[in-house]
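Understanding the architecture of this molecule
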Amino acid sequence: MKRTHLIFLFSLFCFHAQADDTLPTFSFPDTQEKSQSISQWQGKTLVINFWATWCQPCLKEIPEFVQLQNQFAAKNVQFIGIAIDELPAVARFKETAKMNYPVLIASEWEGFNLSQQLGNSANTVPYTVVTNPAGQIIYRHAGAVKKEDLLAVIAK
């Protein structure tokens, strides 16, 4: 088989595999140390953002996420932050930034392991995933996501 055919078949397989991805079930504690399962937001469009307080691009995204959560909450959209960080730093930042969406705390191993399962092969933050109400992953983005790009995905 020619190399171009192999590349095409590999690309087709990768596209198909990603198109069928669904969000796994997971739980992490929130800033009050209460365990929160992702399943409680089942049936909503989810915008899941992996971030950390030591990550400047992450912190720059958060005010836009707060604004978008306000704008789309009535349209069945739920933002969820997964902080790969220490609880005290996250709790302080959440209060200061007036974050209006759930923030869950994951250890470095747990957070990066889950983000890898969701396609974060570079193990980077910020990393954002959007799922449709059926739990299928419809968007992935490593690095700071542009508001316009996110709007195009969640407005559908």
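Below, the structure is looked at part by part. All values reported here derive from a predicted model rather than from experimental measurement. (Residues numbered from 1 in each chain as written. Predicted model: local features only at pLDDT ≥ 70, side-chain atom pairs only at ≥ 80, totals over all residues. Heavy atoms only, no water.)

**Focus on the pattern of salt bridges**
Pairs may arise between side chains of opposite charge once their charged atoms sit close together. All told, the structure shown has one salt bridge when counted by the stated rule. Between R140 and D21 there is a salt bridge whose closest N-O contact spans 2.2 Å. You can see R140 sitting in strand β7 (residues 137–142) and its partner D21 sitting in the loop between α1 (3–19) and β1 (27–29), a full 119 residues away along the chain. (Salt bridge = Lys/Arg side-chain N within 4 Å of Asp/Glu carboxyl O. Helix = DSSP H or I, 4+ residues; strand = E, 2+ residues; numbered from the N terminus.)

**Focus: the packing of aromatic side chains**
By the definition in use, this model includes five aromatic pairs. For the pair F26 and F28, a centre-to-centre distance of 5.5 Å together with 45 degrees between the ring planes defines the contact as tilted. In terms of burial, F26 and F28 fall into one category: buried. Taken together, F65, F79 and Y101 form an aromatic cluster joined through their ring pairs. (Phe/Tyr/Trp six-rings, centres within 6.5 Å; stacked < 30°, edge-to-face > 60°. Buried < 20%, exposed > 50% of the residue type's maximum accessible area, 1.4 Å probe, protein only.)

**Section: unusual backbone geometry**
The omega torsion of the bond from V125 to P126 falls at -5 degrees, within 30 degrees of zero and hence cis. As for its placement among the helices and strands, P126 is situated in the loop between α4 (108–117) and β6 (127–131). Notably, E33 is not glycine yet its phi reads approximately 65 degrees, a positive angle. With respect to the secondary-structure elements, E33 resides in the loop between β1 and β2 (35–37). For N76, which is not glycine, the phi torsion reads 70 degrees and is therefore positive. With respect to the helices and strands, N76 occurs in the loop between α2 (56–72) and β4 (77–84).

**Topic: helix α3 (residues 87–97)**
Taken together, the buried positions of α3 are A89, V90 and F93. For α3, the angular spread of the buried residues around the axis is 95 degrees, confining them to a single face. Away from its buried face by more than 90 degrees, α3 exposes R92 and E95. In the core, the buried residues of α3 are packed alongside β3 (45–51), α2, β4 and β5 (103–106). Within two residues after α3, K98 carries a phi angle of roughly 55 degrees, on the positive side. (Arc of directions from axis to C-beta. Contact = heavy atoms within 4.5 Å.)

**Considering the side chain of N132**
One can find N132 in the loop between β6 and β7. For N132, a relative accessible area of 17% puts it in the buried group. Here A134 takes part through its backbone nitrogen, which lies 3.0 Å from a polar atom of the side chain of N132. Contact partners of N132, with chain neighbours within four places excluded, come to K44, T45 and I138. (Polar contact = N/O pair within 3.5 Å; in protein donor to acceptor, adjacent residues only side chain to side chain.)

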